[in-house]
Every structure is written in C-alpha cells, then in structure tokens.
Amino acid sequence: MDILKLKHLGTFAGGLLLGTAGVKALSSKDAKKAYVQATAAALRVKDCILNTVTNVQENAGDILAEAKQINEDRAAQEEEQVKEAESGKDEE
C-alpha cells in the first residue's frame, strides 16, 4: 500500500472516531444541562431587552409630545411678537 493512501485512511478513521465521540459528548447529561442553562440565559437576555425597548418606546412618546408642545409654544410666542411689532408700527 502507498503511504499516502494509509494517511488518508488514518485521517478518515480519526475523523470517524472524533465524530462518534463528539456525538456521545454532545448528547450526554452534562451537555444537556449546559444547553438548558444557555437557553435559560438567552431567555433572560431576551426579556431584559424587551423591557428596555418598551421603556424606550414609552419615553419616546413622551419626548415627542413635549417637543410638539415646545414648538407650539414657540410658534405662539413668535406670532405674539409679530403682532406686537405690527401694532408698534401702526402707532408711529
């Protein structure tokens, strides 16, 4: 047999062995516990993010309402100043 063929055969056998051992390791009780813990952590992160997004959305609505009120007040003030300036010109 050629050494190159033996090398490929050894590589194949090693991969097969590692694959079989990997499947056993991934399906063990310890691995299952790790999967459960990781999933639980991911769900906690999701809840935290959703709460943060909800708070930001509520605040954004308040901010928008306040900004609109500021603009309305400013427009009314400018309109009042224009009327005062016009009435001052009329008096002259």
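Placed above this text is the structure.
What this report covers is the structure whose coordinates are included nearby.

The rules behind these values
Residues numbered from 1 in each chain as written. Predicted model: local features only at pLDDT ≥ 70, side-chain atom pairs only at ≥ 80, totals over all residues. Heavy atoms only, no water. Helix = DSSP H or I, 4+ residues; strand = E, 2+ residues; numbered from the N terminus. Rg over C-alpha atoms; globule rule 2.2 N^0.38 Å. Buried < 20%, exposed > 50% of the residue type's maximum accessible area, 1.4 Å probe, protein only. Areas by Shrake-Rupley, 256 points an atom, 1.4 Å probe, with all protein chains shown as cover. Salt bridge = Lys/Arg side-chain N within 4 Å of Asp/Glu carboxyl O.

**Focus: the overall build of the chain**
When helices and strands are tallied, the chain shows two helices and zero strands. The C-alpha radius of gyration computed for the chain amounts to 36 Å, which surpasses the reference 12 Å derived for 92 residues by more than 25%, pointing to a less compact arrangement than a globule. A principal-axis box enclosing the C-alpha atoms of the chain has dimensions of 115 × 35 × 10 Å. Across the 92 residues of the chain, 1% fall into the buried class. Surface summary for the chain: the accessible area is close to 8500 Å², and the carbon and sulfur share equals 62%.

**Overview of the environment of Lys46**
Within the element layout of this structure, Lys46 appears in helix α2 (residues 29-91). Residues Lys46 and Thr20, spaced 26 residues apart in sequence, show a C-alpha to C-alpha distance of 34 Å.

**Quick look at the pattern of salt bridges**
For the structure on display, the rule yields one salt bridge. For Lys83, the salt bridge goes to Glu79, with nearest N and O atoms at 3.6 Å. Here Lys83 and its partner Glu79 are both found in helix α2, four residues apart, which amounts to about one turn of the helix. Here Lys83 falls in the exposed class, since its relative accessible area comes to 51%. The class of Glu79 is partly exposed, set by a relative accessible area of 49%.

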